[in-house]
Amino acid sequence: TNDSVVFAPRGTSYQLNLKTGRKYDGQTNTPVEAVIRITARKVWTVPSGGNFIAPIMGPPKIVQGRVREASETQLIVHAGATFIVELPADDNAVDLPSGPITIGHMVNVTAMPGAMIEILERHAPSASPGVAHFGVPGVADTA
C-alpha cells in the first residue's frame, strides 16, 4: 500500500514526503487544505534566522519558523508550511538558549521520522476560500 504523498506547499519549492496513515486514493496535483503533524525530537529557541524546512525534498527532518500558538504539549510553527509540533516529553529535549517559547518567537525543531499529513475535506463551499472552518489550528499552506 502507498501510505504517503508528496506535498508541495503553495509558494515554495518544497516537496515534502508525508505519511497519510492509510492508502491515499484522492486527487493528485490539485490544491488541498491540510494539517501537517510532526513529533519533535529536540526543540531550541533561536534568536534569528529564516523560516525553512530541511531537506527541501523528502521527509521533513528540521523545521525552523515562528511560533503561532503554544501549549504545554504542542506548538504550531510556520516554516514555509504550518506544522503542528508535538513536544517531546523529556524536558531535556527542549533547550531555551534564546528565552522561553512564546508566540512570534523563532524555534528550530528536529523532527522524529514519520511526519504525517491530514488532508481536510470540505463538505460545503466556504464563505471565505483559503480559510479552514474545521476548528483545527495550524492548517498547512496548500499546493
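Described in the following lines is the structure provided in the data block.

What counts, and at which threshold
- Residues numbered from 1 in each chain as written.
- Predicted model: local features only at pLDDT ≥ 70, side-chain atom pairs only at ≥ 80, totals over all residues.
- Heavy atoms only, no water.
- Helix = DSSP H or I, 4+ residues; strand = E, 2+ residues; numbered from the N terminus.
- Buried < 20%, exposed > 50% of the residue type's maximum accessible area, 1.4 Å probe, protein only.
- Pairing = 2+ DSSP bridges.

This paragraph deals with unusual backbone geometry. The omega torsion across alanine 54 and proline 55 is 0°, close enough to zero to call that bond cis. Secondary-structure assignment places proline 55 in the loop between β4 (52-54) and β5 (57-58).

Another aspect to go through is the pairing of strand β8 (residues 82-86). Most of β8 sits inside the fold, with four of its five residues counted as buried. Here strand β3 (residues 33-45) pairs with β8 via four bridges, running parallel. Among the inter-strand pairings, arginine 37 is bridged to a residue of β8, identified as isoleucine 84. Two elements, strand β7 (residues 74-78) and β8, share five bridges in a ladder whose sense is antiparallel. Bridge pairing in β8 places histidine 78 opposite threonine 82.

Another aspect to go through is the pairing of strand β2 (residues 15-19). Residues of β2 alternate between two faces, with Leu16 and Leu18 buried on one and Gln15, Asn17 and Lys19 left unburied on the opposite face. Two elements, β2 and β5, share two bridges in a ladder whose sense is parallel. Bridge assignment links leucine 16 to a residue of β5, and that residue is glycine 58.

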